[in-house]
Structure formats: structure tokens, C-alpha cells
Amino acid sequence: YSGAFFVKLRPWSDRKSKQEQAVELARYLNRRLAGMPEGIAFSVTPPAIPGVGASGGFTFILEDRSGGDIAFLDANLQRFLQAARRRPELTNLNTTFLPTIPQVYLDVDRDKAIAQGVGMSDLYQTVQAFMGGAFVNYFNRFGRQWRVFVEAEGEQRTRAENVGQFYVRNNKGAMVPLSALTGVKRLTGPEFTQRYNLYRCAQIFGSAAPGYSSGQAMKALEAAFAETMPREMGFDYAGMSYQEQVAQKGLSPMVVFGMSLVFVFLILAALYESWTLPVSVLLGTPVAVAGALATLYLRNITNDVYAQIGLVMLIGLAAKNAILIVEFAKVRYEGGMSLTDAALEAARLRLRPILMTSFAFILGCVPLWMASGAGALARRVVGSCVIGGMSAATGIAVLLIPVTFYLMERIGGRHERGPEGGGH
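In this text, all values refer to a predicted model and were calculated from it rather than measured experimentally.

Quick notes on the rules
Residues numbered from 1 in each chain as written. Predicted model: local features only at pLDDT ≥ 70, side-chain atom pairs only at ≥ 80, totals over all residues. Heavy atoms only, no water. Helix = DSSP H or I, 4+ residues; strand = E, 2+ residues; numbered from the N terminus. Rg over C-alpha atoms; globule rule 2.2 N^0.38 Å. Buried < 20%, exposed > 50% of the residue type's maximum accessible area, 1.4 Å probe, protein only. Areas by Shrake-Rupley, 256 points an atom, 1.4 Å probe, with all protein chains shown as cover. Lys, Arg positive; Asp, Glu negative; His and termini not counted. Charge placed at Lys NZ, Arg CZ, Asp CG, Glu CD. Axes fitted to C-alpha atoms, helices over the stretch in contact; angles between N-to-C directions. Parallel < 35°, antiparallel > 145°, perpendicular 65-115°, else oblique. Contact = heavy atoms within 4.5 Å. Nonpolar A, V, L, I, M, F, W, Y, C, P; charged D, E, K, R; others polar. Left-handed = near helix turned anticlockwise from the far one by under 90°. Core = buried A, V, L, I, M, F, W, Y, C linked by side-chain atoms within 4.5 Å. 1 Å grid on protein atoms, 1.4 Å probe; cavity = no way out; pocket = protein on both sides within 12 Å on 5 of 7 lines; lining within 4 Å. Points joined across faces, edges and corners; volume = space filled by probe spheres on them. Phe/Tyr/Trp six-rings, centres within 6.5 Å; stacked < 30°, edge-to-face > 60°. Lys NZ or Arg CZ within 6 Å of the ring centre and 35° of its normal. Expected span 1.5 Å × (residues − 1). pLDDT = per-residue confidence, 0-100. Salt bridge = Lys/Arg side-chain N within 4 Å of Asp/Glu carboxyl O.

Undergrad: Looking at this structure, how should I read the overall build of the protein chain?
TA: When its secondary structure is counted, the protein chain shows 14 helices and 11 strands. The globule rule puts the C-alpha radius of gyration for 424 residues at 22 Å, and the 35 Å found for the protein chain is more than 25% above it. For the protein chain, the spread of C-alpha atoms along the three principal axes comes to 125 × 50 × 40 Å. Buried residues in the protein chain amount to 36% of all 424 residues. Here the protein chain displays about 25400 Å² of accessible surface, and carbon together with sulfur accounts for 59% of that area. Between the centroid of the 41 positive side chains of the protein chain and the centroid of its 32 negative side chains there is a distance of 5 Å.

Below, the structure is given as C-alpha cells:
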């Protein structure tokens, strides 16, 4: 049969190491539970948003859209699971679909029941009352409300063959044994039939392997489906996975990042009244983004929505360093200096303020880098992204900004001034 129980973890302050975190504990339990010969057991983490879905990870619905039988769905399910378990993006794949549960089928002979004068409703009520349990009513006692059920003693209903011990009254008032009106069969079948969008389906859940995002895991599931499933089968998502699918129908992260760059460019163009100066400011952004992505890779952190928020933040943070140099160089150039001298002096004079503000910001984000407790993973992702990006912007991009300022001004049509201010 099946069952579930919940494990309550100790407070965060008592679980310092990585091996004592919820995700690592779930992986450890799954490794130990996989060796149990008595049955199938596995652990799952709670959903990221309480109430949305039954567990963490993804929830994939494999649908039989042909209206076939249980065997057809089970054969395709096993074929799909074999292909999906070979994908490196997926781990802990399991299903709630159990097509071969041992069952006891009580077959009622209607002809015999009619011949014996037994009403069908009386027959079914008797079977339910003795073999299962029939609800009678409620009553109040000791300040509480109690439910009343009628059922046979456990010893008498543990074996289906004991049905002959129970009787039903016919229309003449005589008692007829249930064994004279029913037959018992032992067979196998699904414990329940689940339907999704009116189709018979099998629910599959699991999680993304370490180093892969939920989006990559869902793409791997769809690729496995396309490789193995016939056209009579379909798929859908439920719980958090369904919400993620809905969210993906909006603007993609690349579009949001691109629009952020465009808006910053237009604002800087209006500020400087130039189309070339904003380019020299924003050319440091790719260096910051590269540093952020490298840091995420080295820390084995997935590029998720928190990392994407950090990347959008880096546009403004990297532009801030460039503005300190470009603004000063622009003033010096308009004051009569050559492009080369203006760029070099701006780099020399503004280096100290840039280092002070950048290091202050990086040190301020160290608690995010080392976060612990509830929601620590999200804070670590943002902290890693911002610290890695700002470190690259401070150590590398600062050296490139004077060069980009010089090149963009030359491309924009400005020329070097000579010692007397004349062009050459």
C-alpha cells in the first residue's frame, strides 16, 4: 500500500554544514531508501510556494489522449521513464501511477439477488457496512462531536472469503448469506485513476540535477517525450511547473536584460546629449556580466531568476563606475585637453573613488555571499552574482573604460587637439 510522513528538521542554528540542509538531507535519504527491497520509498522537499503543488521540483503529467486502457498508459510511462532517467538534467524521478495493486473484486450476481428477493440497495449497503464501513450519524458527548460507523470486527473482515458470515434480509424477511449472491475474485489494477484535462494520466515528479535549472529540467522532459512517445500521448504540467510555464509565456530574461540596456542607454544619451558617450559607459557591462556568470559557475549555482535579477542590477552598478571616469574625461576634454590626456587624467584621478565605493559595496554584500537560514539560497545567488560582477567591473572594466571613451569619441568624429588646442 502507500503512506507518507513528514520529517521536521532542527532549527537553522543547529544545522551549520551543507550536508545538514534540506536538499542534501533529501538526497541522502533517497540514496538510502533506494536500497529497500520491501517497496518503493523516496523523499521530497516542500514546494517553494506553500500551497502551490504538493512538493518541490517539477510535476509532469503524462496523458493518454487516445482513450486507451491502463496497460497502454503503463507501457508508455515505463518507456518514458527509462528515457528520462538517462538525462543528466534530471534526478529523483518517481510516479504516483501504480497499475498493478493487488485488489479483491466482489462480483454481485444480480440474477440470483432478484431470484432471492433481495433488493440491490440492501445488498450493497450490507456489503459496505460489514466489509468496509457505513456512516450512520453524529452525536455529541464530552463537549465533542463524534461520528458513528457500522462495520464488522476486524477479525471477521480481514479475509474476503468471510463474506459468507454476513447476511442480508430479502423481501420475505428471510436472511440470505452474501456468499450465495456474490463471488470473490483476486486481480490487480490501479489503486485510483487520475485524470488531467479529462485524459487518463500518470503524474511524474522529480527535481533538476545539481547544476541545472528547473527550465533545463523541463526541456529535458519534453525532449525525452518527443523521442519516445507516440502521437496518442500528450503531456502537461501541474503545480509550480504549471506556474513556471505560464510565466515563460511573458517576456524572456534576455528581453528584460536587453530592454534594461536600452533604457540606460537612452537616459545617458539624454544626459550627455551624445550617442557615443553612453556606448563607452555601457561597454563595461559585458565584463561585469562575465564575472558574475564565472562566479556562479565556480560556486556551482544555477542561473535562476535571482541570478537574472542580479545581472540587471549590474547594469547600473557597472555603469556607475564608468560614469565617474567618462564624466570627468568629458569635462577635461571640453576644457581644452586632448582626448588621450583627458582619458588618462580621468582614469588617474577617479580610480581611488571608484575603488572605495566598489569595495564598500562588495564588502556590504559579503553577508549575502555567506547567507544561512531560511531563504539562504536566494541570497547567496544574488550575493554571488553581484560580488563577482562588481569584482570584474572594478578589476578589469575600469582599465578598459578610458580606452572605450577614447575610441568612441574618435568614432563619433572628435579629433585630438594639439598643444595649442588645434585639431590634427
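Undergrad: Explain the packing of helix α6 (residues 214-228) against helix α7 (residues 239-248) to me, please; I cannot follow it from the model alone.
TA: Packed helices, taken two at a time, are described by the angle their axes make and the gap between the axes. Their axes nearest at 11 Å, the elements α6 and α7 cross at an angle of 100°. The pairing of α6 with α7 is recorded here as roughly perpendicular in orientation. Seen from α6, the contacting residues are S214, G215, M218 and E222; seen from α7, they are S241, E244, Q245 and Q248. Grouping the amino acids of the contact of α6 with α7 by side-chain chemistry returns one nonpolar, five polar and two charged.

Undergrad: What am I meant to see in the packing of helix α10 (residues 285-298) against helix α14 (residues 376-411) here?
TA: Here α10 crosses α14 at 140°, and the two axes come no closer than 7 Å. The orientation of α10 relative to α14 falls into the category oblique. Crossing hand, α10 versus α14: right-handed. The segment α10 lies against α14, with V287, A288, G291, A292, T295 and L296 engaging V381, S384, C385, G388, G389, A392, A393, I396, A397 and L400.

Undergrad: Just checking my understanding: could you explain the nonpolar core for this structure?
TA: General note: in soluble globular proteins, nonpolar side chains tend to be found buried as a group. L62, F80, L90 and I204 are the most contacted members of the largest nonpolar core, which has 24 residues in total. Contributing elements (two or more residues each) for this core: β1 (58-64), α2 (70-84), β2 (90-95), β10 (199-208), α6 and β11 (233-237). Of the residues forming this core, the biggest block, seven residues, is contributed by α2. Setting aside anything within four residues of it in sequence, one finds L62 in contact with L73, N76, L77, F80, R200, C201, A202, I204, F225, M229, M233 and G234. Counting 20 residues, the second largest nonpolar core, distinct from the first, contains Y272, I325, F328 and A342.

Undergrad: Can you help me understand the environment of L25 in this one?
TA: Residue position: L25 is located in helix α1 (residues 22-33). Separated by 386 residues in the primary sequence, L25 and I411 place their C-alpha atoms 58 Å from one another. The residues touching L25, leaving out its near neighbours within four places in the chain, are L9, Q19 and E20.

Undergrad: What's the story with empty space enclosed by the protein in this structure? I'm lost.
TA: To find leftover empty space, one rolls a probe the size of a water molecule over the atoms. The full count for this structure, using the stated rule, is one cavity of 30 Å³ or more. Of the pockets and cavities examined, the largest cavity occupies roughly 40 Å³.

Undergrad: Even after reading the chapter, I still don't get the packing of aromatic side chains, so can you show me in this structure?
TA: Each aromatic ring pair is described using two quantities: the centre-to-centre distance and the angle formed by the ring planes. A full pass over the atoms with the stated rule returns nine aromatic pairs. Through successive ring pairs, a cluster of aromatic residues spans F60, F80, F225, F235 and Y237. Over the ring of W146 we find R144; its NZ or CZ atom is 5.1 Å from the centre of that ring. In this structure, R299 packs its charged tip against the face of W369, placed 4.1 Å from the ring centre.

Undergrad: Is there a simple way to explain unusual backbone geometry in this structure?
TA: Glycine aside, the phi torsion of most residues is negative, and most peptide linkages are trans. Even without being a glycine, N92 presents a positive backbone phi close to 55°. Relative to the elements of secondary structure, N92 occurs in strand β2. Backbone geometry places N300, a non-glycine residue, at a positive phi of 55°. Topologically, N300 is positioned in the loop between α10 and α11 (305-334). Owing to a relative accessible area of 53%, N300 belongs among the exposed residues under this scheme.

Undergrad: Any chance you could explain α10 here in plain terms?
TA: Since there are 3.6 residues in each turn of an α-helix, residues three or four apart along the chain are aligned in direction. End to end, α10 covers 20 Å across 14 residues, agreeing with the expected 20 Å (1.5 Å per residue, within 8%). Residues T285, V287, A288, V289, G291, A292, T295 and L296 constitute the buried set of α10. Tucked inside the fold, the buried residues of α10 contact α8 (253-272), α9 (277-282), α11, α13 (366-369) and α14. In the segment just after α10, N300 is the residue with positive phi, at about 55°.

Undergrad: Help me understand the environment of L178 in this model?
TA: Locating L178 in the fold gives a position in the loop between β7 (175-177) and β8 (182-189). By relative accessible area, which is 0% here, L178 ends up buried. Taking the C-alpha atoms as reference, L178 lies 23 Å from T188; in sequence the two are 10 residues apart. Not counting chain neighbours up to four residues away, the residues in contact with L178 comprise L123, T126, V127, V163, F166 and V168.

Undergrad: Sorry if this is basic, but what is going on with the confidence of the model for the protein chain here?
TA: Detail in the predicted coordinates should be disregarded across regions flagged by low pLDDT. Averaged over every residue, the pLDDT of the protein chain is 83; residues scoring 70 or more account for 94%. Long-range and interchain partners of residues 418-424, a stretch whose pLDDT sits below 50, account for eight contacts in this model, where long-range means more than four residues apart.

Undergrad: So what exactly am I meant to see when it comes to the pattern of salt bridges here?
TA: Side chains bearing opposite charge may pair, as long as their charged atoms lie close to each other. This model, assessed by the stated rule, comprises seven salt bridges. For the salt bridge of E89 with R87, the shortest nitrogen-to-oxygen distance reads 3.4 Å. For E89, a relative accessible area of 14% puts it in the buried group. With a relative accessible area of 22%, R87 lands in the partly exposed category. For D107, the salt bridge is made with K185, and the minimal N-O distance between the two is 3.9 Å. Remark: K185 occurs in strand β8 and D107 occurs in strand β3 (residues 101-108); sequence separation between them is 78 residues.

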